[in-house]
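# Breakdown of the fold
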Amino acid sequence: MAVGIRQKIAGVNAEQIDRLNAEIDPDGNPPTGLVFHLSGPVDGGWQVIDVWESREHFDRFAGERIVPGMAAAGLAGAGAPEMEEFAVHEHFPR
């Protein structure tokens, strides 16, 4: 079953997210299991909303690419994001 993952990363801005994306290269090397991704600024930081084929796909991507990418982009001090997982009932387009 697909899962949604909502993350808020406190104190992070667009420039920092662009550095992170340069490190993890989600466009050039799309993560296995990612169905949908969006992100943008919110009060106090940056919000990410993803839909994944499974929680295991997200966890693998986070461990293999996000955590090392944050360190390489100088964001290791940002701390763990506030995160919420939710079951996805439906998503469009398919």
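Residues numbered from 1 in each chain as written. Predicted model: local features only at pLDDT ≥ 70, side-chain atom pairs only at ≥ 80, totals over all residues. Heavy atoms only, no water.

On to the sheet that holds strand S4 (residues 82-87), then. Here four strands make up an open sheet; going across it, the order is S2-S3-S1-S4 and the pairing antiparallel. Of all the strands in the sheet, the pair left with one neighbour each is strand S2 (34-42) and S4. Taking each pair of neighbouring strands and ignoring which way they run, the sheet shows an average axis angle of 15°. Note: S2 against strand S3 (residues 45-52), eight bridges, orientation antiparallel. Paired with Pro41 across the strands is Trp46, a residue of S3. (Pairing = 2+ DSSP bridges. Helix = DSSP H or I, 4+ residues; strand = E, 2+ residues; numbered from the N terminus. Axes fitted to C-alpha atoms, helices over the stretch in contact; angles between N-to-C directions.)

On the surface, a cluster of nonpolar side chains totalling about 240 Å² of accessible area is made up of Val35, Phe36 and Leu38. Note on placement: Phe36 falls in strand S2. (Patch = residues over 30% accessible without salt bridge, like charges linked within 9 Å, V, L, I, M, F, W, Y side chains within 5 Å. Areas by Shrake-Rupley, 256 points an atom, 1.4 Å probe, with all protein chains shown as cover. Salt bridge = Lys/Arg side-chain N within 4 Å of Asp/Glu carboxyl O.)

Another point: helix H1 (residues 14-24). The set of residues buried in H1 consists of Gln16, Ile17, Leu20 and Ile24. Around the axis of H1, the buried residues are gathered within 100° of arc, so they sit on the same side. Across H1 from its buried face, at more than 90 degrees, point the exposed residues Glu15, Asp18 and Ala22. For H1, the elements touching its buried residues are strand S1 (3-10), S3 and helix H2 (55-72). (Buried < 20%, exposed > 50% of the residue type's maximum accessible area, 1.4 Å probe, protein only. Arc of directions from axis to C-beta. Contact = heavy atoms within 4.5 Å.)

Interhelical geometry of H1 versus H2 gives an angle of 125° and a closest axis separation of 8 Å. Compared by their axis directions, H1 and H2 come out oblique. Like other packed secondary-structure pairs, H1 and H2 cross with a definite hand, here right-handed. On the side of H1, the interface is formed by Leu20, Glu23 and Ile24, while H2 contributes Phe61, Arg65, Ile66, Gly69, Met70 and Ala72. Its residues placed into classes, the contact of H1 with H2 shows six nonpolar, one polar and two charged. (Parallel < 35°, antiparallel > 145°, perpendicular 65-115°, else oblique. Left-handed = near helix turned anticlockwise from the far one by under 90°. Nonpolar A, V, L, I, M, F, W, Y, C, P; charged D, E, K, R; others polar.)

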